[in-house]
Structure formats: structure tokens, C-alpha cells
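Inside the fold
What follows is the residue order along each chain.
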Amino acid sequence: MQLEEIMTVHVSIKGGEVTAFQGEDGSGVVMIPFDATIDGKYFTGTVLPGGIDTQVIGPKGYPHTLSARYMAKGKDYTGADCTVYIENNGVICKDVEGGYMRTTPKFVTDSKALDFLNKQLFCGKGEPEGEGVKITLYRIL
């Protein structure tokens, strides 16, 4: 299996997370609003207001699963204006040195040039970047 890097999402945490549930053992659910920019060889753009990352926290107190949903406006590689919706689900494990995040993104786009986003399989990895996170997304070839 080969991977082709298609884009990188640079997430900036806005603060003001909403705790939906918190148990005595530290488990719970939080929703984290964010801003982001996206760059890559196929698409460059900005996430529209309303991007949210929902994290289910495991009993050890670290984020266990995540589900981020966001819409971005920008340009495809032909220079045409377009919109890309991304639903990015994954896992986070902070027990590993430096922590890691692995995701499975799904896309919906109105760009004819980016129609492959609607049809193919993708994966991603996340790592800390400044006050946020950098998520690199790959097409599975």
C-alpha cells in the first residue's frame, strides 16, 4: 500500500471547549471549536466558522476518540473556487511518547477536479503544532 500526501490541515484551538459529560474517573465528552487553514497540492483554503472536534475521553483522562467536522472554502489545483467538507474520525493516544493521532477522513466537494475526494479512501496522522495540531491527510493508493 502506498500513500500520497494530499493536504495538511493546520488547526488553531479557539478555546472555550464545552464539556458535555464528565465522570468521576475523568472520562467524558468535550466539544472543541477551532479555526484552521488547509494547504496542499490539490486544495488550499480556510475552514469556515463552525468547525468542531468532539472527543470522547477515556477513563485515564486522555482523549481516546475524536470526530471533527468542518467545511472549507478555497481553490482547487486548477484555480477554481470550491468548497470541501471534511469529516475526520480517529483515535488519540497520549501514552505513546509525544502522543499520536490517526484518522480516517471522508470528503464531499463540489469541485469537478477534486471529485476523487468523493470516491477514494484516505487516512491521516496528527501531531502537535504550536497551540494546535497539524493533520496531514493521505490518499491510499
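Residues numbered from 1 in each chain as written. Predicted model: local features only at pLDDT ≥ 70, side-chain atom pairs only at ≥ 80, totals over all residues. Heavy atoms only, no water.

Where charged atoms from two side chains of opposite charge approach closely, those side chains can pair. In the structure shown here, the tally under the stated rule is six salt bridges. Between K41 and E4 there is a salt bridge, with its nearest N and O atoms 2.8 Å apart. Placement of the pair is K41 in the loop between β3 (28–39) and β4 (43–47) and E4 in strand β1 (residues 3–13), with a sequence separation of 37 residues. K41 sits in the exposed class, given a relative accessible area of 53%. Where E127 meets K134, a salt bridge forms, and the shortest distance between an N and an O atom there is 3.6 Å. Classification of E127 by relative accessible area gives partly exposed; the value is 30%. (Salt bridge = Lys/Arg side-chain N within 4 Å of Asp/Glu carboxyl O. Helix = DSSP H or I, 4+ residues; strand = E, 2+ residues; numbered from the N terminus. Buried < 20%, exposed > 50% of the residue type's maximum accessible area, 1.4 Å probe, protein only.)

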